[in-house]
Amino acid sequence: MKTLASRLFLGTILSSVLLSAETGRSSAAPAHHPRHVTSSHHATSGTPAKPRSRRTSMMAASEESVGVRGSRSARNSGGGMMRVETAPYAVQSVGRQYIEMRSPTSTGLDVVQNLPSVSIAMPDTSGIKGGALYMRGFTDADTALLLDGAPASLAAYLQQNVDAENIESVTMTPGSSPIDAPASNATAGTLDERTLTPGKKAGGSMDFSYGTNNMSREFVRLESGEIGNSGIRSYISVSNTHSRQWMGAGTNRRTHVDVGLFKEFTNGSTVKFFGSWNNSMFTIDAYPDAQTFYNYKHTGQGYNRTNVWDRNSTSAGNYWQGNIDSWNQFFVTTQAHIIINKRLTFDLSPYFATGFGWDGSTAGTPASTGATYFYGNGQKADPPTPLSTYWAQHWSPQVGLVAKLGYDLDRHNHLSFGYWYENNAVDYFFPTMATQPGGRNAKTNDNAYKLYTADGQEAIYRYNAGYELNSFFIEDTAKYFNDRLTINGGFKYIMSNYWDRASGLSQFTIGANSTAPLPHLSVSYKIDSHSQVYMNAEGDFRQPSPSQLSGSTSLPKNQYSITEQIGYRYNNRYLTFDISAFNSNITNRLLTTYLPNTAYAVSNAGNQTIRGFDAMIAGRDFHHFSPYASVEYLHGTFDSNIPYGDTYLPTKGKQSILTPRVLANFGLTYSNAGFFGNFSLHYTGPQSVTLVGDQRMPGFVTNTLALGYHFKPLYFLKTPTFRLNFSNLTGSVIRVGTTGITNNYHNVTLLDGSTLAGSSGASFYVLPRFSMTGTVSSDF
């Protein structure tokens, strides 16, 4: 397995290096307007091309010279909060114009928080920690999170992959996913971040930020421009962030490096490489239940970590240095688009990601747990010895590739056939160790603090879980009536070999093979140059992430969904409008439980139906103002009673968990004579937060504000800019999401007549208090 992972990782690098070896001038077409446009079902759509007599895989460069001029803001409406789309399915996206107004601490989650289908929960404002995404009754675990077409981390770790300054666009396709996407969790849809393409001119960019909670951040990006006549251009960027906890004690830090390479060939072929490294150490938050939250709301008494360490105190478990996350993450992806001839193309996209580190939490004492432990030298750990428990991971690669051939059968039909391979193996472990004398978590490889049982076994549970996946897909794109009618039909078949093995204090081995047939069909028709109708229907699935099995003695079933959508788009020089209706039927729903140490577990929860509609409207620049608004109506129900032991929870017919009926957004952007600003408002309606529906979270409103000024060039500074970013302007004390599922809040009668006792209910994300960040930035 490791040999195969190593070979595929080398393939990621070699595919870039070997293709980059060819010399020659770059194509005249800029990177964001390639002269060859693939007809992939879910390729990002731009302004419709003029009809032509024959669609080919290559536009001849030797016989004529074609100059292309365009603006990256040409597709933007609402100041970049909405973009003109032409794909035959629902697309919700934001552009660079909007991203550049956001705080540099923003993540991919921050910039999509005003799209109609989503509600976002962020635990801090520094960009060091991730958050949670809720979309159409699903979570980010049900969403294919992609970065340059490669699978990225869950939303809780999305900030590890790329800095905000290097994000070109973020696109969401709720209810659908590209047929060629390497996604094994796309029942909710897709969130696809695209990184910047290195510029042709040498230079760079830098910014410096300071804000609330003693947050400081530095960023610099250096760009090589085109290197000689090779057609190769590149950049490297480095950022460093430090902040205090917004509530309670503790500090957080993050160091991040991004590398980008781009190669153009004279025939229009391209290779794009992106790689990143992220190192972070932050305080793991304590998340409140309802009673703790209300106590904070009404009395101001905080619930997060403390800066007091007393090993004999009952509050010792809340000491911030005893609740630390230490992590290293690596991410590499390459996208090679090779034009073989006028009809035939080949795309190759290898990727590699891995992370290692640990999440440590306080775990009482031997006396409180009733356990007996010994140090490595045989000395008994005293009963009052403070303990730490961990979720830890060794170097665990997720490695794979997507290969695709595209062929123009005739002037109407483009056929593509491809293969996706992935090997995702996670080597993780749960050790119990002695806490350092000062109260800090020891490193997991520190032998001085390792503990052993009476029979000499190390106090550790070890697991190796993962899957090996093979998939084939085929798709045909047909265009008729001068390209006004587009029909995409495709089929994807996935075969997975899943395993979970335990060693250490617990030992077992389980495995399973599964398959997933995923049909795709979409149709769009351009009524005229302004209007388009579209529909799509497809099957998507989700298999549990290996890191979420957490020692399960049985593998959950794959979640499967069938989604239908129909929509209408309109755009002109004044506004852009999009409305779509959808229906999703889900079987073997997978729900995620938080394990209070930033780890998660997953289990099946019956069947579910979700339906509703989205509407978006945005205006072009009018007297320097660009408005935006969106709304979603959502209706979700459980279609079955959920198993609980040997009986069932009474859930059939109840409102689905985390499925608010209404979400709404408003935004307004201003830009004139160097001044710019953006105000955004988001509303999420009330929702159920327990499976049996006996606890609800009220609706809430969040808001952000950006103000800034672009100065005239000064010496080597091309775009000196100062901006202020504000969040939670009113200082609201509200809950914005839950950390996972909860069965019930009050006593509930199960279907066999027995009673399930009440609990403390759900644990919540709380909106951070008012924050402000000031940033000075410039290109050079």
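Quantities reported herein were computed from a predicted structural model and do not represent experimental measurements.

## Brief notes about the overall build of the chain
Here comes step 1: In terms of regular secondary structure, the chain is built from 5 helices and 43 strands.
Here comes step 2: Within the span of the chain, comprising 780 residues, buried residues form 57% of the whole.
Here comes step 3: A separation of at least 24 residues holds for 70% of the contacts in the chain among residues at least 6 apart in sequence.
Here comes step 4: Accessible surface, the chain: about 30700 Å² in total, of which carbon and sulfur atoms supply 58%.

## Focus: the sheet that holds strand β9 (residues 167-174)
Here comes step 1: As summarised here, the arrangement of the 5 strands in space is β3-β9-β10-β7-β8, forming an open sheet in which the pairing is mixed. With one partner strand each, in any of the chains shown, β3 (92-94) and β8 (150-151) form the two edges of the open sheet.
Here comes step 2: Two elements, β3 and β9, share 3 bridges in a ladder whose sense is antiparallel. Its bridge partner being in β9, Ser 93 is matched across the sheet by Thr 171.

## Quick word on the packing of aromatic side chains
Here comes step 1: A complete count under the given rule lists 24 aromatic pairs for this structure.
Here comes step 2: Centre to centre, the rings of Phe 352 and Trp 395 are 6.2 Å apart; their planes meet at 40°, and the pair counts as tilted. Taken together, the positions of Phe 352 in strand β17 (residues 344-362) and Trp 395 in the loop between β18 (387-393) and β19 (398-408) put the pair 43 residues apart, joining distant regions of the chain.
Here comes step 3: Of the residues examined, Phe 352 reaches a relative accessible area of 5% and is grouped as buried.
Here comes step 4: Above the plane of the ring of Phe 582 lies Arg 136, whose end atom (NZ or CZ) is 3.6 Å from the centre.
Here comes step 5: If you follow Lys 263 out to its NZ or CZ, it ends over the ring of Phe 265, 4.6 Å from the centre.

## Brief notes about the side chain of Thr 435
Here comes step 1: Looking at the secondary structure, you find Thr 435 in the loop between β20 (413-434) and β21 (460-480).
Here comes step 2: The class for Thr 435 is buried, based on a relative accessible area of 7%.

## What to know about the pattern of salt bridges
Here comes step 1: Scanning the model with the defined rule gives 18 salt bridges in all.
Here comes step 2: For Asp 285, the salt bridge is made with Lys 129, and the minimal N-O distance between the two is 2.9 Å. One end of the pair, Asp 285, is in the loop between β15 (270-283) and α4 (290-299); the other, Lys 129, is in the loop between β4 (118-121) and β5 (132-135), with 156 residues separating them in the sequence.
Here comes step 3: Under the relative-accessibility criterion, Asp 285 is labelled buried at 7%.
Here comes step 4: Assessed through its relative accessible area of 4%, Lys 129 is described here as buried.
Here comes step 5: A salt bridge links Lys 404 to Asp 180, with the nearest nitrogen and oxygen atoms 2.9 Å apart. Here Asp 180 lies in the loop between β9 and β10 (189-195) and Lys 404 lies in strand β19, a separation of 224 residues in the sequence.
Here comes step 6: The exposure class assigned to Lys 404 is buried, which follows from its relative accessible area of 11%.
Here comes step 7: Through salt bridges with shared partners, a single network forms among Asp 163, Glu 165, Asp 207, Arg 217 and Arg 254.

## Here's the deal with the sheet that holds β4
Here comes step 1: The sheet built from 3 strands is open, its strands ordered β4-β5-β6 with antiparallel pairing. Edge strands, defined here as strands with exactly one partner in the open sheet, are β4 and β6 (138-139).
Here comes step 2: Sheet analysis places β4 next to β5, joined by 4 bridges and oriented antiparallel. Directly across from Ala 121, in β5, lies its bridge partner Ala 132.

## Overview of the confidence of the model for the chain
Close inspection of predicted coordinates is inappropriate in any region flagged by low pLDDT.
Here comes step 1: Put simply, the chain has an average pLDDT of 88, and 88% of its residues get 70 or more.
Here comes step 2: Within the model, the stretch residues 1-70 combines pLDDT values under 50 with 146 contacts to residues more than four positions away or in other chains.

## Structural notes on the nonpolar core
Here comes step 1: Counting residues in each nonpolar core, the largest one holds 64 residues, and the members touching the most others are Val 112, Leu 115, Leu 133, Val 170, Met 172 and Tyr 428.
Here comes step 2: Leu 591, Ala 605, Leu 658 and Met 697 belong to the second largest nonpolar core, which has 26 residues in total.

## Notes on the environment of Tyr 235
Here comes step 1: Along the chain, Tyr 235 falls in strand β13 (residues 232-244).
Here comes step 2: Each C-alpha atom, one on Tyr 235 and one on Asp 258, is 8.1 Å from the other, the two residues being 23 residues apart in sequence.
Here comes step 3: Those residues in contact with Tyr 235, other than ones at most four positions away along the chain, are Asn 166, Thr 195, Leu 196, Pro 198, Arg 221, Leu 222, Glu 223, Asp 258, Val 259, Gly 260 and Phe 274.

## Some details on unusual backbone geometry
Residues apart from glycine generally show negative phi values, whereas peptide bonds are mostly found in trans.
Here comes step 1: The phi dihedral of Asn 588 falls on the positive side, at around 55°, and the residue is not glycine.
Here comes step 2: The backbone of His 624 shows a phi angle near 80°, a positive value even though the residue is not glycine.
Here comes step 3: Mapped onto the elements of the fold, His 624 is located in the loop between β29 (608-619) and β30 (625-638).
Here comes step 4: The class of His 624 is partly exposed, set by a relative accessible area of 32%.

## A word on the pairing of strand β25 (residues 559-571)
Here comes step 1: With 12 bridges joining them, strand β24 (residues 531-542) and β25 adopt antiparallel strand pairing. The partner of Met 535 across the bridge, within β25, is Ile 566.
Here comes step 2: Where β25 meets strand β26 (residues 575-587), 12 bridges bridge the pair, whose relative direction is antiparallel. Of the residues in β26, the one forming a bridge with Tyr 570 is Phe 577.
Here comes step 3: Connecting β25 to the antiparallel partner β26 that follows it, the hairpin turn spans 3 residues.

## Comments concerning a nonpolar patch on the surface
Here comes step 1: Side chains of Ile 579, Phe 613, Val 631, Tyr 633, Val 662, Phe 666, Leu 681, Tyr 683 and Val 701 sit close together on the surface and give an oily, nonpolar patch of about 650 Å² of accessible area.
Here comes step 2: Contributing elements (two or more residues each) for the nonpolar patch: β30, β33 (662-672) and β34 (675-684).
Here comes step 3: Its place among the elements puts Val 701 in strand β37 (residues 700-710).
Here comes step 4: A residue is classified by how much of its surface remains accessible, and Val 701, at 37% relative accessible area, is partly exposed.

About the criteria used
Residues numbered from 1 in each chain as written. Predicted model: local features only at pLDDT ≥ 70, side-chain atom pairs only at ≥ 80, totals over all residues. Heavy atoms only, no water. Helix = DSSP H or I, 4+ residues; strand = E, 2+ residues; numbered from the N terminus. Buried < 20%, exposed > 50% of the residue type's maximum accessible area, 1.4 Å probe, protein only. Contact = heavy atoms within 4.5 Å. Areas by Shrake-Rupley, 256 points an atom, 1.4 Å probe, with all protein chains shown as cover. Pairing = 2+ DSSP bridges. Phe/Tyr/Trp six-rings, centres within 6.5 Å; stacked < 30°, edge-to-face > 60°. Lys NZ or Arg CZ within 6 Å of the ring centre and 35° of its normal. Salt bridge = Lys/Arg side-chain N within 4 Å of Asp/Glu carboxyl O. pLDDT = per-residue confidence, 0-100. Core = buried A, V, L, I, M, F, W, Y, C linked by side-chain atoms within 4.5 Å. Patch = residues over 30% accessible without salt bridge, like charges linked within 9 Å, V, L, I, M, F, W, Y side chains within 5 Å.

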